[in-house]
Amino acid sequence: MTRLIYETHSITVDNERGFATGWLPGELSAEGRRLAGELGERRRDVDVVFSSDLRRAVETVELAGLSAPHLQDWRLRECNYGELNGAPVDALAPRVERVRNPFPGGQSYADVVGLTRSFLADVKQWYDAATVLVVAHSANRWALEHLLGSGRPMEELIEAPFDWQPGWTYAL
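Conventions adopted
- Residues numbered from 1 in each chain as written.
- Predicted model: local features only at pLDDT ≥ 70, side-chain atom pairs only at ≥ 80, totals over all residues.
- Heavy atoms only, no water.
- Axes fitted to C-alpha atoms, helices over the stretch in contact; angles between N-to-C directions.
- Helix = DSSP H or I, 4+ residues; strand = E, 2+ residues; numbered from the N terminus.
- Parallel < 35°, antiparallel > 145°, perpendicular 65-115°, else oblique.
- Left-handed = near helix turned anticlockwise from the far one by under 90°.
- Contact = heavy atoms within 4.5 Å.
- Nonpolar A, V, L, I, M, F, W, Y, C, P; charged D, E, K, R; others polar.
- Buried < 20%, exposed > 50% of the residue type's maximum accessible area, 1.4 Å probe, protein only.
- Pairing = 2+ DSSP bridges.
- Right-handed = clockwise from strand over helix to strand, strands pointing away.

### Regarding the packing of helix α4 (residues 109-126) against helix α5 (residues 138-148)
At a minimum axis separation of 9 Å, α4 and α5 run at an interaxial angle of 65 degrees. In this view, α4 runs roughly perpendicular relative to α5, as classed from their interaxial angle. When you trace α4 past α5, the crossing you get is right-handed. Residues Tyr109, Val112, Val113, Thr116, Arg117 and Leu120 of α4 form the contact with α5, whose own contacting residues are Ala139, Asn140, Trp142, Ala143, Leu144, His146, Leu147 and Leu148. Of the residues belonging to the contact of α4 with α5, the class tally is ten nonpolar, three polar and one charged.

### Thoughts on unusual backbone geometry
Residue Ala93 is joined to Pro94 through a cis peptide bond whose omega torsion reads -10 degrees. Relative to the helices and strands, Pro94 resides in the loop between β5 (87-88) and α4. Positive phi, close to 75 degrees, is recorded for Ala129, a residue that is not glycine. Turning to its location among the elements, Ala129 is positioned in the loop between α4 and β6 (131-136).

### A short note on the pairing of strand β3 (residues 48-51)
Neither face of β3 is left uncovered, since the one carrying Val48 and Phe50 and the one carrying Val49 and Ser51 both have all their residues buried. In terms of strand pairing, β3 meets β6 through four bridges, oriented parallel. For Val49, the partnering residue across the bridge sits in β6 and is Leu133. Bridge count between β3 and strand β4 (residues 70-72): three bridges; the pairing is parallel. Paired with Val49 across the strands is His70, a residue of β4. Of the crossover connections in this fold, the one passing from β3 over helix α3 (residues 55-64) to the parallel β4 is right-handed.

Laid out in structure tokens, this is it:
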């Protein structure tokens, strides 16, 4: 069994200002840089780290200072909001309509689930019995919870309040 630990990337300047970064790189805020160090303290025991290739996730892992190998995977990117990358978060509403219908010029959340499923198949094949840390975005958390956790529909997960915690653990 593979133990998969999911952590969100640290807080960004866009998060603090209420913007939806999407596929833009993003930049950690001062608080985000501090929290990345805390992530590193609580995740010293992992065998390998995967992150989105977007700058905010990569920076989170770099600042965490983990000794495990760090691999970037584009399949772990946030949902591509297309024309709305970088827009105010409110402009994405209602997100639930984007589960199967892509954002204009972007992706749907079902697309993110498909990419996450592909990523998980590779992790299972290559890292069976390992402890794998994944640092990514909110859409990936919903996809993991849908695929490996509660199995709740994406519509429910997207509409539920976001209750941050220091990681979510799944068995793969």
